[in-house]
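# Working through the structure, step by step
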Amino acid sequence: MNNIYTSDTELYNILGFYVPIKSILNISSIESGNINNTYLCTFKQNSKVSNIILQRINDSVFNCPMKLIDNYNLLEDQLNSYLRDNKDLITKDFIPKLLLNKTTNNKLTIYNDNSWRAYTYTENSINYNIASSPSTILNLGKGLAAFHFIFHNIQEINIQKSIIDFHDLNLYLNKYDRALKLYFSKNLENPLICEELDNLFKLVDLYRPKSSSFYKSLNTLKISRQLIHADPKISNFLFDKNTDDVLSVIDLDTICFDYLLYDISDCIRSACNKSGEDISNARSINFDLECF
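To start, this report covers the structure provided alongside it.

Conventions used here
- Residues numbered from 1 in each chain as written.
- Predicted model: local features only at pLDDT ≥ 70, side-chain atom pairs only at ≥ 80, totals over all residues.
- Heavy atoms only, no water.
- Helix = DSSP H or I, 4+ residues; strand = E, 2+ residues; numbered from the N terminus.
- Rg over C-alpha atoms; globule rule 2.2 N^0.38 Å.
- Buried < 20%, exposed > 50% of the residue type's maximum accessible area, 1.4 Å probe, protein only.
- Contact = heavy atoms within 4.5 Å.
- Areas by Shrake-Rupley, 256 points an atom, 1.4 Å probe, with all protein chains shown as cover.
- Lys, Arg positive; Asp, Glu negative; His and termini not counted.
- Charge placed at Lys NZ, Arg CZ, Asp CG, Glu CD.
- Phe/Tyr/Trp six-rings, centres within 6.5 Å; stacked < 30°, edge-to-face > 60°.
- Lys NZ or Arg CZ within 6 Å of the ring centre and 35° of its normal.
- Expected span 1.5 Å × (residues − 1).
- Pairing = 2+ DSSP bridges.
- Axes fitted to C-alpha atoms, helices over the stretch in contact; angles between N-to-C directions.

Across its full length, the protein chain carries 6 helices and 10 strands. Taken over C-alpha atoms, the radius of gyration comes to 21 Å for the protein chain, in line with the 19 Å a tight globule of 292 residues would show. With the C-alpha coordinates of the protein chain rotated into their principal frame, the extents come out at 65 × 45 × 40 Å. Every one of the 292 residues in the protein chain was classed for burial, and the buried ones make up 41%. Considering only residue pairs separated by 6 or more positions, the protein chain has 66% of its internal contacts joining residues 24 or more positions apart. Within the structure as shown, the protein chain displays about 17100 Å² of accessible surface, and the carbon and sulfur contribution to it stands at 54%. Mean positive and mean negative side-chain charge positions of the protein chain (29 and 34 charges, respectively) differ by 3 Å.

So, about the packing of aromatic side chains. Each aromatic ring pair is summarised here by two numbers: the centre-to-centre distance and the angle between the ring planes. According to the stated counting rule, one finds 12 aromatic pairs in the structure shown. For the pair Y183 and F184, a centre-to-centre distance of 5.4 Å together with 75 degrees between the ring planes defines the contact as edge-to-face. The class of F184 is partly exposed, set by a relative accessible area of 30%. Taken together, the ring pairs in this structure connect F214, Y215, Y259 and Y262 into an aromatic cluster. Over the face of the ring belonging to Y259 we find R225, whose NZ or CZ atom lies 5.4 Å from the ring centre.

Its 17 residues place the ends of helix 3 (residues 134–150) 24 Å apart at the C-alpha level, agreeing with the 24 Å of an ideal helix rising 1.5 Å per residue. Of all the residues in helix 3, the buried ones are T136, I137, N139, L140, G143, L144, A146, F147, H148 and I150. Packed against the buried residues of helix 3 are helix 2 (65–85), strand 7 (225–228), strand 8 (237–240), strand 9 (246–249) and helix 6 (260–271).

Before going further, it helps to spend a moment on the pairing of strand 5 (residues 114–120). Burial analysis of strand 5 places 6 of its 7 residues in the buried class, which makes it a mostly covered element. In terms of strand pairing, strand 3 (residues 48–57) meets strand 5 through 6 bridges, oriented antiparallel. What sits directly across from Q55, in strand 5, is R117. As paired elements, strand 4 (residues 109–111) and strand 5 share 3 bridges and run antiparallel to each other. Counted as the bridge partner of I110 is S115 from strand 5. The hairpin turn running from strand 4 into strand 5, its antiparallel successor, is 2 residues long, and N112 in that turn takes a positive phi close to 50 degrees.

What follows covers the sheet that holds strand 1 (residues 24–30). One open sheet accounts for 5 strands, arranged 1-2-3-5-4; its pairing is antiparallel. Strands at the two margins of the open sheet, each flanked by one partner only, are strand 1 and strand 4. Sheet twist, expressed as the mean angle between neighbouring strand axes with direction ignored, is 30 degrees. Across the sheet, helix 1 (residues 8–15) lies against strand 1, strand 2 (37–45), strand 3, strand 4 and strand 5, angled at about 115 degrees from strand 1, the strand it touches most. Sheet strands in contact with helix 2 are strand 3 and strand 5, and its direction is about 20 degrees off that of strand 5.

Nothing here speaks to function; it is all geometry.
Written out as structure tokens, the structure is:
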């Protein structure tokens, strides 16, 4: 999805809104993201080499980029408030800081009809697609818990939805049904059903009745709702290279006010799948009980 080409000249011009162009040493693409185009930018000022993150917002997914900026400002304000009152191991880098465009003094930069932003770079950090050890998973859980605790006071009315119905299971089931109906209507005589698809059909049929009981439970039980990350897979956490503690939580465009259960379960799903997020062979996916 993040396939819009940006020339080197454009990248240098955009980065020039944040640092002097003459100080730029290198710009390299970060390929791990699925939505936005992200770049690691290295520059040198006063004999010191530093990095920042430059990112193009994919407006086909996020059609109102300013909502993302407003939500992020809300997180930054809450983090600063928390740090004033608490002297624990969480630092100001727990979420990367959004940088100001030095020309416009705004945090959103529009260049050639595309929306851009820049973040501080979390030094001495490492990013995982698959947990390296059980202690990494433990630290991942601590990092997510810290995120929930720090931002639990943010009120729903103050959060702007960036993706509507992002966690609506019924919506996805309806899309699945429509896709299935369309496929079979076009392939009446010879529908090609491989083993993986057949297994998928059986799983959906098996678990579909549970979706109604799931929503009934949410409505009748006191399941906590608050600000959640909404996409807390392991690759959205940055770990300390030395201690393996969580340093930063990233990719916060999906934040919303919803059930805490969504974040916890999705984080568990990601951490306990030792095959990682991006695989071509569905058979290699497994849920590791030791990780759980």
